[in-house]
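Breakdown of the fold
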Amino acid sequence: MRKFDVPQLHSILDGYMKMVKKTKWMDKMGKALQSKLLRSVLSSTIKRHSTSIKGGHNELVEPRMDISFWNLVPCYSTHTEPGLCLSTAICAAIGGTPSGSCMYRMSMSKTCCIINKILTTCSANVVANNTYWQSPLFGVDSGSLCIMALHLNTGVIRQNLQPICQVRLDFDMFSIAQPNTNSICATDVFRVSGSLNPVPPICGDNSRQHMYLTSKSTARNIQLIFSIGAAPTIDRSWRMKISLLPCHVDYLAPPNCLQYITESTGTVKSFNWKDVAPSATSPRQLADQDYQICFRTELVGTNQQVPNTHCLTECLTTNGGLAFSVSRIGADVTSSAGGTGVTVANGQCANDFLFVLGGFDVLGNFNDRFCGNRLNPTPGAGTSTPICSKFKPFVIRYVTDGSETGDGSNNGFCLNFVQF
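Residues numbered from 1 in each chain as written. Predicted model: local features only at pLDDT ≥ 70, side-chain atom pairs only at ≥ 80, totals over all residues. Heavy atoms only, no water.

1. Let's talk about the overall build of the chain
- Broken down by element type, the chain carries four helices and 26 strands.
- Counting across all 420 residues of the chain, residues that qualify as buried make up 49%.
- In the chain, the share of contacts with a sequence separation of at least 24, taken over all contacts with a separation of at least 6, comes to 72%.
- Within the structure as shown, the chain displays about 19600 Å² of accessible surface, and the carbon and sulfur contribution to it stands at 54%. (Helix = DSSP H or I, 4+ residues; strand = E, 2+ residues; numbered from the N terminus. Buried < 20%, exposed > 50% of the residue type's maximum accessible area, 1.4 Å probe, protein only. Contact = heavy atoms within 4.5 Å. Areas by Shrake-Rupley, 256 points an atom, 1.4 Å probe, with all protein chains shown as cover.)

This is how it looks when you write it as C-alpha cells:
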C-alpha cells in the first residue's frame, strides 16, 4: 500500500483550512451542501499542492486527484471547526487533535481530526502555524521552567517554505501567580527570549490579551518561558494560540508594537488589569513595563471615511476596581501629568506613565504623559476626562520602572477607544 509523506499532507491541510475559514457563510448552508463544498475545497487544495509525492519506498509517483486515493473525508468537530475524518492513530501521527466522531464512507466511525495542534508539555517545539500551547494537564512543578521553542525556518514544510517575520500570541487563558507588593513578578513570570522587539515580563491574569513578536531572522528560534516559583498552592493554567505570520502578508504589526489593535472601537487593558478593589498588598500594576500599543487606522462612519482623531476614556467598573491607576501616591485620587503642557521637574509621571502623543481634552488642555488615579491632562484634577490625539498612526506607550515601592495600590489601566 502506497503512503503519502506527512510534510506534504501538512501543506495540503494548511491550504484546506485557510480556504474553509474564508468561507464565512458556511454555517448558512445545509449539511449536504456543506459536505459537497468541503470536498470541492479539499480537492482543489490537493491539486494546488500536488506535484510529486513519495511512495512507500521513496519512489516518486504521480498523484491521483480523487479524494478516495488520499483517504481524506472532510468533517466538523464538536466545536464546529473544519477537520478531516481520520483514524485516531493517523490523527496523532500528523499532529492533529481528535474532536468528536464522524462517519467514514458511511460505514466506519472515526474521529474528526483538527489540524491545529495542541501541545500540553514543557520543553516542546513549534513549527506549525496555529499551534496551541496549553499548560500540562497535571500541573507544573514548583521551582521549574516550562519552555516552548518556536522554530522559524524557511526550510520547514509546515511554514510553506516562506520566511516568518512575526509571531502572534493569543492568550485564550493565562493565570499564574500575582506580582509581589512591589509589583514585581517575583513568584511566577512569563518571558520571551529571542524576539527582536522587547517584550516585558508579565504575570497574574492575562486571558484575552495578545502579543506580537518579531523574529530576528528566518532561521532563529524564539523561546516562550514560564518560570514557576515555589508556591505549590497556586493554580497555574494557560492556553495560547501561536500564529506564524509570513513576511508578505498585509496584517503584520508595525515595528515596535507589542500589541496591535485592528478595530475602530473597543477596549484596551494593561497586562494583569482586573476590575477588583485596589489593595496595597495585592497591586495589579506590573513593574518593568515598556511597550507600545498600536491601532490600525480603520475606515469609520456610514461613508467609510478615514478618521483623524483617536480618543480614550476610562472603562466602566462594577466591582470597585480603578480603570486608571498608574503609580498614584498613597491615597491620592487626583491626576498627575507631565510633558508638553506641564514640566516633569517635580517628578510628575517621570517613571511610570501612559504616553499619548499630543493628548488633549475637550477644554483644549494638552499633555503627553498621564499617571495618578485620574485620566486628566491637568495635574490635581479630581475627575477623569476623555483624552484624544490627532497624531497618526495612533499609538500609546505604557511605562513602569522596576521600583514600585511607595507608589500605592495600583491597578494599571482599562480604557475604551474610538476613532472618528
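Structure's up, so let's keep going.
2. Some details on the state of the cysteines
- Tallied over the full model, the rule gives nine disulfides.
- Here Cys 185 connects covalently by a disulfide to Cys 203, the sulfurs 2.2 Å from one another. Judged by the sign of its S-S torsion, about -80°, the cystine formed by Cys 185 and Cys 203 is left-handed. A residue pair is termed long-range when its members are at least 10 positions apart, and Cys 185 in the loop between strand 11 (164–175) and strand 12 (189–193) and Cys 203 in the loop between strand 12 and strand 13 (210–214) qualify at 18 residues. As far as burial versus exposure is concerned, Cys 185 and Cys 203 are alike and both buried. (Disulfide = S-S within 2.5 Å.)

3. Describing the nonpolar core
- Counting 58 residues, the largest nonpolar core has Phe 190, Leu 224 and Ile 242 as its most contacted members.
- Tallying contributions element by element places strand 11 first for this core, with five residues.
- Excluding anything up to four places from it in sequence, Ile 242 contacts Val 126, Ala 128, Asn 129, Asn 130, Thr 131, Trp 133, Met 148, Leu 150, Val 167, Arg 168, Leu 169 and Leu 224.
- Core analysis: the second largest hydrophobic core is formed by seven residues, Val 73, Cys 102, Tyr 104 and Ile 114 among them. (Core = buried A, V, L, I, M, F, W, Y, C linked by side-chain atoms within 4.5 Å.)

4. Overview of the confidence of the model for the chain
- When pLDDT is averaged along the chain, the result is 79, and 71% of the positions lie at 70 or above.
- For residues 1–8, every residue scores under 50 in pLDDT, and the model assigns this stretch 18 contacts once sequence neighbours within four places are set aside.
- Under a pLDDT of 50 for its full length, residues 338–346 has, in the predicted model, 20 contacts with residues more than four places off or in other chains. (pLDDT = per-residue confidence, 0-100.)

5. Notes on unusual backbone geometry
- For the peptide bond that leads from Lys 392 to Pro 393, omega is 0°, which places it in the cis range.
- Position of Pro 393 among the secondary structure elements: in the loop between strand 24 (387–389) and strand 25 (394–400).

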